[in-house]
There are 2 protein chains.
Amino acid sequence: MVWVLSGIIKVLREIFGSDVLSREDIVEYYAYDAQPIKGEIPLAIVFPRKAEQIRSYLVYASKHKIPTYIRGGGTALSGGPIPLVENAVVVSMYRMNRILDIKLKDMQVRTEPGITIDELNIYLGRYGLLFPIDPGSSAAATIGGAIANNAGGVKAVKYGCMKDGWILSLEVVLPNGEIIETGTNTFKAAAGYNLTGLFIGSEGTLGVITKATLKVVAKPKYRVAVRAYFGDEREAAEFVVKLLRMGLDPTAIEFLDRDTLEAVKRYSGLDYKGNAMILVEFTSSIREDVERRLNLLVEILKEEGAIDITWSKTDEEYQKIWMARKAAAPSLGNLKPKYLILDPTVPISKIPELVDICRKIANKYGLIIATFGHAGDGNLHPNVLYDPLDEEEFERALKAAKEISLETIKLGGTVSGEHGVGLEKIETFKKEAGREKLDLMWKIKRLFDPNGILNPGKLFPREYWEEIWGDRLSI
Amino acid sequence: MVWVLSGIIKVLREIFGSDVLSREDIVEYYAYDAQPIKGEIPLAIVFPRKAEQIRSYLVYASKHKIPTYIRGGGTALSGGPIPLVENAVVVSMYRMNRILDIKLKDMQVRTEPGITIDELNIYLGRYGLLFPIDPGSSAAATIGGAIANNAGGVKAVKYGCMKDGWILSLEVVLPNGEIIETGTNTFKAAAGYNLTGLFIGSEGTLGVITKATLKVVAKPKYRVAVRAYFGDEREAAEFVVKLLRMGLDPTAIEFLDRDTLEAVKRYSGLDYKGNAMILVEFTSSIREDVERRLNLLVEILKEEGAIDITWSKTDEEYQKIWMARKAAAPSLGNLKPKYLILDPTVPISKIPELVDICRKIANKYGLIIATFGHAGDGNLHPNVLYDPLDEEEFERALKAAKEISLETIKLGGTVSGEHGVGLEKIETFKKEAGREKLDLMWKIKRLFDPNGILNPGKLFPREYWEEIWGDRLSI
């Protein structure tokens, strides 16, 4: 076995040159993503620089059945990139991070997958352009990872998610070594099956994205952030539903509950009123659009009983208003050392109920569940807080998290609006999708990846992976 | 054989009761869609009223290998619904046309596939809502057919196409009789493969859509249509590219060339100036949004040398401005009895070149090619006019149409932006997609429909279908 493993390393060095880390070099880093569950420490990590290397590797890996995990920025919140089979190879897309072509007149950019979304937008900003799909982790999240997980983020209420028309085409290396280009670089395309859409959100289980053409928009010149508090969480959630029907085209509608506000206060000193905060942003290329929407919104907020309504007049004030939201996740450590972050998503009228449910489950299990998120999409982030040294509390946290997912399904929602299934939501996703649909998805998986080398252990329940990996699976 | 066929009719009557037309009842209608190529006259047409009937039928049809063609409004422009195997069964979705549920607070509507898009929007309008994806044929096109072909239409510049987030979930009957529900009724969804996206644009080759949940928007209260002429077609096309970079969020940007304008004039008496017309629409829930955009647009139009700029101040004027565009297709008969309509789509900066190319190809073949369409999406409709009694001219028209498609591919575009491949674009789509991608799509087709009973002869070249249907194919 030792010989076999060193043989693998030898082949990897033939393909990737010095861009290989082997186990001796590895810290535990690559066994983790941004959530607390640890995977297997991989045999090696490779850092390809071009699709041809990935092609050579995948042909080799398919032949020798090497478990393979594709990794972007490692910011996943569902265990997506962590190895679950021993002696796996991690393919880090970190070095394939070039912008290949910017077509100003076509409103398109062609890029490699390893660039972070913030880097991309800094570059686009110089030309007055914006790629508007940016998850909270955009400083570290790569465009490839965000595509593979169908990322959304705070602006999804206006722009939707990755799957909603932003990815025009993808270069993908398939496990059999074929390199295909999906889609065309046009805004409309109706010829053939939507392969691009199939790879978006496939969580690295079907192929390796090596290039992407993205649709971009004119970067709005004007923006305003509005903050208001409500006495009651449910009131705030109901306000969101009303706001959406008005057709004001908000760019963001965010919600923070009392526990989150308390955490932010302890973390940053930012005080709050009431029991829930709403943050609304408007953007436009026309100044008066933003002003008019601001006036209308303030009027409605007052009518609906919001308190302490304020809005940004300067860029500094804009940053300050957003600070409460941006500090939300980092500040939770002030309440408890760790948390399980969820991303249940419901039809928007069900947001008040979902907020209620999280509160009730918190009470039932004697836990703090701090909830914030993208209320304008029906997508909340309940964070189930726990102390990792308190095993019994961790068990309760897992139960509470599962219960939130199950209640979300009952509300007609999905267990994941933007983080993906990964490892963490396999069981609840199984409940949501049902056997027939999972079987169909598994057939698609096997069609693209007959040897099941890509991301084994993820998205599908263990019983599916067992037919390929048997006891080698560490779940 | 006669006995076998009457046996099929007998089973169909068991499943569909009196909702069956057999060959004796059939006029040639069902051998056609909205383009001029005639398919086979089917053995029978069935009009299911529920998914269960379709399930029973598909199980039977799979077992006995009955060629099956799903039909919506019959407005397809690529031969999509026409039978190409003799003794086929056409499944008309015409009677599954109920609106099942309207969720006002969720901004969603659940509907059967057979409702026309106009009917749906009349209904939604009562609640101040709009489903914004409406092809030119919305008076007769069904929602199911529009989904199956990834329809776009005049508002795609603002709202995108069917695949861009508007279809939240689908109930689909698979050829093996399984009834699955794809997606969830939420605006964001990141759990599992995007099956919804795979069925959108699959042209009735993978399954039968029996229900759909659509995202709707607040119906804009205000709108303005602006019309202007340019002295030169290329100038007009270049203006479109400039306009798009300004971030004014237009709802429609349409283009009509001189030949189209001449046809409209002869048809409706509507006069024109210059050699190309541009039509821009703005809509909003806020009156001032529309006014401000109008002012900005008129300013730019003047700067760019547009002539005879006018805009709608009343609803009557709005209708009149749109009339030139809406009369475009019907009026072409005033130039020649028939036309081949294409939907090449290019990166937007390539619109001027595409306009040029159409003109050159028209000259080369001595034909009239009247071009109009959705310039704001890079999606034009060149119409190659011919007289069906002049066989030699028809041959030239076919060659010209093919050449436009091939030139579109060279420009980095797609042969179909919104009509689909159907029968008409099989050869050029093969060129566009290439063998590897077609093979992959065919594997997906066989995975869903192992017996190849759904829409045989379409989307894929004959060599693919031959392995199933051999000489029974009439192409």
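Undergrad: Can you walk me through the interface of chain B and chain A in this structure?
TA: Interface size is commonly expressed as the accessible area that is lost once the parts come together. Listed per partner, the contact involves 89 residues of chain B and 89 residues of chain A. Carbon and sulfur atoms make up 61% of the area that chain B and chain A hide from each other, which totals about 6800 Å². Contact with chain A buries area across many residues of chain B, yet Lys188, Tyr193 and Arg245 of chain B alone supply 15% of it, more than any other trio. Linking chain B to chain A there are eight salt bridges. Between aspartate 289 of chain B and arginine 293 of chain A there is a salt bridge, with its nearest N and O atoms 2.5 Å apart. For the interface between chain B and chain A, the tally reads 26 residue pairs in polar contact (both at pLDDT 80 or more). Looking at the side of chain B that touches chain A, the elements with two or more residues in it are β9 (179-183), α6 (195-199), α7 (233-244), α9 (287-303), α14 (426-433) and α15 (435-448) of chain B. Classifying every residue of the side of chain B that touches chain A gives 36 nonpolar, 31 polar and 22 charged.

Undergrad: What should I look at first to understand the packing of aromatic side chains in this one?
TA: A ring pair, where both rings are aromatic, is described by two values, the distance of the centres and the angle of the planes. Counted according to the given criterion, the structure contains 28 aromatic pairs over all chains. Here the aromatic rings of tyrosine 29 of chain A and tyrosine 30 of chain A are separated by 4.7 Å at their centres, their planes lie at 90 degrees, and the arrangement is edge-to-face. With a relative accessible area of 44%, tyrosine 29 of chain A lands in the partly exposed category. The exposure class of tyrosine 30 of chain A is buried, given its relative accessible area of 13%. Each ring, one from tyrosine 159 of chain A and one from tryptophan 166 of chain A, has its centre 5.8 Å from the other, and the planes form 75 degrees; the classification is edge-to-face. For tyrosine 159 of chain A, a relative accessible area of 12% puts it in the buried group. Tryptophan 166 of chain A sits in the buried class, given a relative accessible area of 7%. Ring pairs connect the aromatic residues Tyr193 of chain A together with Trp442, Phe460, Tyr464 and Trp465 of chain B, which therefore count as one cluster. Taking the ring centre of tryptophan 311 of chain A as reference, the NZ or CZ of lysine 313 of chain A above it sits at 5.3 Å.

Undergrad: How should the relation of the copies chain B and chain A be read in this particular structure?
TA: Between the two copies of the chain lies a relationship made up of a rotation around an axis and a movement along it. Superposition of chain B onto chain A requires a rotation of 180 degrees combined with a translation of 0.0 Å along the rotation axis, giving an RMSD of 0.0 Å. Considering both components of the superposition, the chain copies are consistent with a two-fold axis. Taking C-alpha positions as the reference, the residue of chain B nearest the rotation axis is aspartate 164 of chain B, at 2.1 Å. When the interface residues of chain B are mapped onto chain A, 100% of them again fall at the interface, so both copies present the same face.

Undergrad: Would you mind showing me how to read the pattern of salt bridges here?
TA: Once their charged atoms are close, side chains differing in charge can pair, the charge on each being opposite to the other. Residue and element names in this part refer to chain A. One pass over the full model with this rule turns up 80 salt bridges over all chains. Arginine 55 is paired through a salt bridge with glutamate 52; the nearest N and O atoms lie 3.2 Å apart. With arginine 55 and glutamate 52 both in helix α2 (residues 51-64) and three residues apart, this pair spans about one turn of that helix. Take glutamate 52: its relative accessible area is 42%, and that puts it in the partly exposed class. One continuous salt-bridge network, built from bridges that share partners, spans Glu233, Asp257, Asp259 and Arg359.

Undergrad: Is there a simple way to explain the sheet that holds strand β5 (residues 99-103) of chain B in this structure?
TA: All names here are of chain B. The five strands lie next to each other as β5-β6-β10-β8-β9, forming an open sheet whose pairing is antiparallel. The open sheet has two edge strands, β5 and β9, and neither has a second partner. The average angle at which neighbouring strand axes cross in this sheet is 15 degrees, direction not considered. One ladder, built from five bridges, connects strand β8 (residues 167-173) with β9; its direction is antiparallel. Bridge pairing links serine 169 to glycine 183 in β9. Of the strands in this sheet, β8, β9 and β10 (208-215) touch helix α2 (residues 51-64), which is tilted by about 50 degrees from β8.

Undergrad: Please explain the pairing of strand β10 (residues 208-215) of chain A as it appears in this structure.
TA: Each regular strand shows side chains that alternate between the opposite faces of the sheet. All names here are of chain A. Among the eight residues that make up β10, six are buried, leaving the element largely enclosed by the rest of the structure. As paired strands, strand β6 (residues 108-111) and β10 are joined by four bridges and run antiparallel to one another. By the bridge assignment for β10, threonine 111 is matched with alanine 212. One ladder, built from six bridges, connects strand β8 (residues 167-173) with β10; its direction is antiparallel. Looking at the pairing, serine 169 lines up with threonine 213 of β10.

Undergrad: Can you walk me through the nonpolar core in this structure?
TA: Side chains of nonpolar character tend, in soluble globular proteins, to be buried together. Of all hydrophobic cores here, the largest spans 286 residues; its most connected members are Phe131 of chain A together with Phe131 of chain B. Residues within four places of phenylalanine 131 of chain B in sequence aside, it is in contact with Leu120, Asn121, Leu124, Ile143, Met162, Trp166, Ile167, Leu214, Lys215 and Val216 of chain B.

Undergrad: How should I be thinking about α7 of chain B in this particular structure?
TA: Each α-helix winds once per 3.6 residues, and so residues spaced three or four apart point in a common direction. Taking 1.5 Å per residue, 12 residues should reach 16 Å; α7 of chain B reaches 17 Å between its end C-alpha atoms and fits that length. Looking only at α7 of chain B, the buried set comprises Glu233, Ala236, Ala237, Phe239, Val240, Val241, Leu243 and Leu244 of chain B.

Undergrad: Could you clarify how one ought to interpret the confidence of the model for chain A in this entry?
TA: Mean pLDDT over chain A: 94, with 99% of residues reaching 70 or higher. Confidence metrics for the complex model read pTM 0.96 and ipTM 0.95.

Undergrad: Would you take a moment to explain the sheet that holds strand β18 (residues 379-386) of chain B for this structure?
TA: Think of a sheet as strands paired side by side through backbone hydrogen bonds, with each pair either parallel or antiparallel. Residue and element names in this part refer to chain B. Strands sit in the order β15-β12-β14-β13-β17-β18-β16 across an open sheet of seven strands; the sheet is antiparallel. Either end of the sheet is taken by a strand with one partner, and the two such strands are β15 (307-311) and β16 (338-341). The mean angle between the axes of side-by-side strands here comes to 15 degrees, regardless of whether they run parallel or antiparallel. Where strand β13 (residues 252-257) meets strand β14 (residues 276-284), six bridges bridge the pair, whose relative direction is antiparallel. Across the sheet, residue isoleucine 253 finds its bridge partner in β14, namely valine 280. On the sheet, helix α10 (residues 315-326) packs against β12 (222-230), β13, β14, β15, β17 (369-374) and β18 and is oriented at approximately 45 degrees with respect to β12. Helix-sheet contacts for helix α12 (residues 351-365) involve β13, β17 and β18, and the interaxial angle to β17 is about 160 degrees.

Undergrad: Help me out: how do you make sense of the pairing of β14 of chain B in this one?
TA: Residue and element names in this part refer to chain B. Counting buried positions along β14 yields nine of nine residues, so the element is predominantly enclosed. Every second residue of β14 is oriented toward a common face, with Ala276, Ile278, Val280, Phe282 and Ser284 on one face and Met277, Leu279, Glu281 and Thr283 on the other, all of them buried. Taken together, the nine bridges between β12 and β14 define a ladder with antiparallel strand orientation. Note that in β14 the partner of tyrosine 222 across the bridge is serine 284.

Undergrad: Just to check I follow, could you spell out the packing of helix α12 (residues 351-365) of chain A against helix α13 (residues 391-410) of chain A for this structure?
TA: The description of two helices packed together rests on the angle between their axes and the distance between the axes. All names here are of chain A. α13 packs onto α12 with a crossing angle of 155 degrees between their chain directions and a minimal axis gap of 10 Å. Overall, the two elements α12 and α13 adopt an arrangement that is roughly antiparallel. Here the hand of the crossing between α12 and α13 comes out right-handed. Facing α12, whose interface residues are Leu354, Ile357, Cys358, Ile361, Lys364 and Tyr365, α13 presents Arg396, Lys399, Ala400, Glu403, Ile404, Glu407 and Thr408. Its residues placed into classes, the contact of α12 with α13 shows seven nonpolar, one polar and five charged.

Undergrad: Hey, could you run me through the domain arrangement of chain A in this one?
TA: Residues and elements named next belong to chain A. Taken domain by domain, chain A holds domain 1 (2-92), domain 2 (99-218), domain 3 (222-410) and domain 4 (426-472). Taken together, the contacts link 17 residues of domain 1 with 10 residues of domain 4. Between domain 1 and domain 4 lies a buried interface of about 1100 Å² when both sides are counted; carbon and sulfur atoms form 58% of it. Applying the counting criterion to the domain 1 and domain 4 interface returns zero salt bridges. The tally of links between domain 1 and domain 4 comes to nine residue pairs in polar contact (both at pLDDT 80 or more). Counting only elements with at least two residues in the side of domain 1 that touches domain 4, the list comes to α2 and β3 (68-71). A class-by-class count of the residues in the side of domain 1 that touches domain 4 yields 10 nonpolar, five polar and two charged.

Criteria and thresholds
- Residues numbered from 1 in each chain as written.
- Chains lettered and ligands numbered in written order.
- Predicted model: local features only at pLDDT ≥ 70, side-chain atom pairs only at ≥ 80, totals over all residues.
- Heavy atoms only, no water.
- Contact = heavy atoms within 4.5 Å.
- Buried area = accessible area lost by both parts, 1.4 Å probe.
- Salt bridge = Lys/Arg side-chain N within 4 Å of Asp/Glu carboxyl O.
- Polar contact = N/O pair within 3.5 Å; in protein donor to acceptor, adjacent residues only side chain to side chain.
- Helix = DSSP H or I, 4+ residues; strand = E, 2+ residues; numbered from the N terminus.
- Nonpolar A, V, L, I, M, F, W, Y, C, P; charged D, E, K, R; others polar.
- Phe/Tyr/Trp six-rings, centres within 6.5 Å; stacked < 30°, edge-to-face > 60°.
- Buried < 20%, exposed > 50% of the residue type's maximum accessible area, 1.4 Å probe, protein only.
- Lys NZ or Arg CZ within 6 Å of the ring centre and 35° of its normal.
- Least-squares fit on C-alpha atoms with pLDDT ≥ 70 in both.
- Pairing = 2+ DSSP bridges.
- Axes fitted to C-alpha atoms, helices over the stretch in contact; angles between N-to-C directions.
- Core = buried A, V, L, I, M, F, W, Y, C linked by side-chain atoms within 4.5 Å.
- Expected span 1.5 Å × (residues − 1).
- pLDDT = per-residue confidence, 0-100.
- Parallel < 35°, antiparallel > 145°, perpendicular 65-115°, else oblique.
- Left-handed = near helix turned anticlockwise from the far one by under 90°.
- Domains from an automatic or database assignment.

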